[in-house]
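Now for the letters of each chain:
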Amino acid sequence: MIWYDSTFISAPDEQLFCSDYWQKQDKVLGSAQGRGTTWFVETEHLPAALRHYRRGGLFGKLVRDQYWFNGWHNTRSFREFSLLSKLIEADVNVPRPLAAMAVRSGLYYRADLLSEKIANAQDLVAILQSGALEKLAYHRIGAEIRAMHDVGVNHTDLNIHNLLIDDQNKVWIIDFDKCAEQPGESWKQDNLSRLKRSFEKELGRYQIHWQLEDFDELLKGYELGK
Ligand SMILES: Nc1ncnc2c1ncn2[C@@H]1O[C@H](COP(=O)(O)OP(=O)(O)O)[C@@H](O)[C@H]1O
Ligand SMILES: [Mg+2]
């Protein structure tokens, strides 16, 4: 099954989700390493990021990229595709979803997502490794998270690898695998606490230029919103 935005994709085909296909056409722009490899490819209208869904942890070593099939609309790729569409509609800075695929084989499925590549952007870890950010940047980060929360979206993996800033100082939130709309409020604080722990963790690992007071600025931005 393939879901796609016809504004950007004219011929939905499973090849679109195959990195070899792009390689053979010499249309691979680069790649990024996360849980797996994210490929950046030049699609007909715009540069895109191609990601295959993979499991993390020990269990992931056994079944790697297979998920229990529980209906097309419950697949990882369809859920992320719809969530991104919803966030785009609400003017939250997230990659535009271009196409999503789920391939069923018996009780299981595999999945892939093609989304807009955020141009000229770096993640917060990379940025903070080269220097500190000003207060205004933290305000913008907080405000973007607030905008996502105002739509009711719980980002269950909100860490500083999943926040990008581009050369126009625009903040982008990425990686919505396993995220969902959720009623209530308590998870919003959980997102923020997780993000704070992520700064602290990378401070120890990568010596990023960050201090506790910077998080207060982020929270100020969150309170004010966009
Ligand atoms: N749409 C995008 N535009 C630019 N860079 C991206 C985009 N999607 C992913 N990346 C880069 O690829 C990395 C891994 O992608 P991500 O979606 O976070 O997957 P995961 O963390 O599950 O491997 C990100 O940290 C980021 O550097
Ligand atoms: Mg990620």
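As the structure is a prediction and not an experimental result, all values here were calculated from the model. (Residues numbered from 1 in each chain as written. Chains lettered and ligands numbered in written order. Predicted model: local features only at pLDDT ≥ 70, side-chain atom pairs only at ≥ 80, totals over all residues. Heavy atoms only, no water.)

### Considerations on the nonpolar core
Logical step 1: Formed by 46 residues in total, the largest nonpolar core has its most connected members in Ile 141, Ile 145, Phe 176 and Phe 199.
Logical step 2: Of the domains in this structure, domain 1 (2-116) and domain 2 (121-224) are the two that each give at least three residues to this core.
Logical step 3: Filtering out sequence-adjacent residues up to four positions away, Ile 141 remains in contact with Leu 124, Leu 133, Leu 163, Ile 165, Val 171 and Leu 218. (Core = buried A, V, L, I, M, F, W, Y, C linked by side-chain atoms within 4.5 Å. Buried < 20%, exposed > 50% of the residue type's maximum accessible area, 1.4 Å probe, protein only. Domains from an automatic or database assignment. Contact = heavy atoms within 4.5 Å.)

### As for the site of ligand 1
Logical step 1: Taken together, 18 residues lie around ligand 1, and Arg 35, Arg 51, Glu 116, Ile 118 and Asp 175 are the ones closest in.
Logical step 2: Residue Thr 38 places a side-chain N or O atom 3.4 Å away from an oxygen atom belonging to ligand 1.
Logical step 3: With respect to ligand 1, the backbone of His 161 contributes an N or O atom lying 3.3 Å from an oxygen atom.
Logical step 4: About the coverage of ligand 1: the protein hides 85% of its 540 Å² of free accessible area.
Logical step 5: At the level of elements, β3 (37-42), β4 (47-52) and β7 (108-116) are the ones that each hand at least two residues to the shell around ligand 1.
Logical step 6: Of the residues assigned to the shell around ligand 1, the class counts are seven nonpolar, six polar and five charged. (Near = heavy atom within 4 Å. Polar contact = N/O pair within 3.5 Å; in protein donor to acceptor, adjacent residues only side chain to side chain. Areas by Shrake-Rupley, 256 points an atom, 1.4 Å probe, with all protein chains shown as cover. Helix = DSSP H or I, 4+ residues; strand = E, 2+ residues; numbered from the N terminus. Nonpolar A, V, L, I, M, F, W, Y, C, P; charged D, E, K, R; others polar.)

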